[in-house]
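Here are the chains, one letter per residue:
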Amino acid sequence: SETSQIIGIEGLPGAGKTTILAAIAEELEGKAILLSELNFEPNSPYGKLPMRDQGDVYLRLWIERMTLLKTVKDPSFCFMTDRTYFSNFAYIYALDALKGTHYYHNQIRLFINNLLEIPFNKLFVFDVHPEIGLQRRRLRGDQIPWPWSE
């Protein structure tokens, strides 16, 4: 049986992901749902968890989200995600390299066991120079997320 389309957009902060997704959702006139980036509030209890647990929670949220999306049986319907679980892998890999931790392999194992069979139909990566992206975010008055804020 066919399922709905799942489109993901990746890119650094300020690349234009949310702007483009909002325009596409408007163009699709009620046949699309825009799922915003998975972020946690800056002072939430999540931030107090060990880094390994933070990564596991984040990836498990993606597992739940993607599993739910694949249950919608309307091929004319489209879900669009502002970022994907691939970002999580990149951040965890970089964190391991910077801090000497070893979380990345656990994340990949969770992905293989739970998400490998739930692919995106389309995945777009927006490229922008980091300084330009950060400048755009600052001009909008956005709080810059870690790791770009350090």
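Residues numbered from 1 in each chain as written. Predicted model: local features only at pLDDT ≥ 70, side-chain atom pairs only at ≥ 80, totals over all residues. Heavy atoms only, no water.

Visitor: What exactly am I supposed to notice about helix 4 (residues 104-114) here?
Guide: Because an α-helix completes one turn every 3.6 residues, residues spaced three or four positions apart along the sequence face the same direction. Within the sequence span of helix 4, burial applies to Gln107, Leu110 and Phe111. The buried residues of helix 4 occupy an angular sector of 100° when projected down its axis, which confines them to one face. Exposed residues lying more than 90 degrees from the buried face of helix 4 are His105 and Asn113. For helix 4, the secondary structure elements touched by its buried residues are helix 2 (51-69) and helix 3 (85-99). (Buried < 20%, exposed > 50% of the residue type's maximum accessible area, 1.4 Å probe, protein only. Helix = DSSP H or I, 4+ residues; strand = E, 2+ residues; numbered from the N terminus. Arc of directions from axis to C-beta. Contact = heavy atoms within 4.5 Å.)

Visitor: I would appreciate a short explanation of the confidence of the model for the chain in the present structure.
Guide: Low-confidence regions, as indicated by low pLDDT, have predicted coordinates that should not be scrutinised in detail. Mean pLDDT over the chain works out to 80, with 89% of the residues at or above the 70 mark. Across the chain, strand 4 (residues 122-126) holds the top mean pLDDT of 90, while helix 2 sits lowest at 78. (pLDDT = per-residue confidence, 0-100.)

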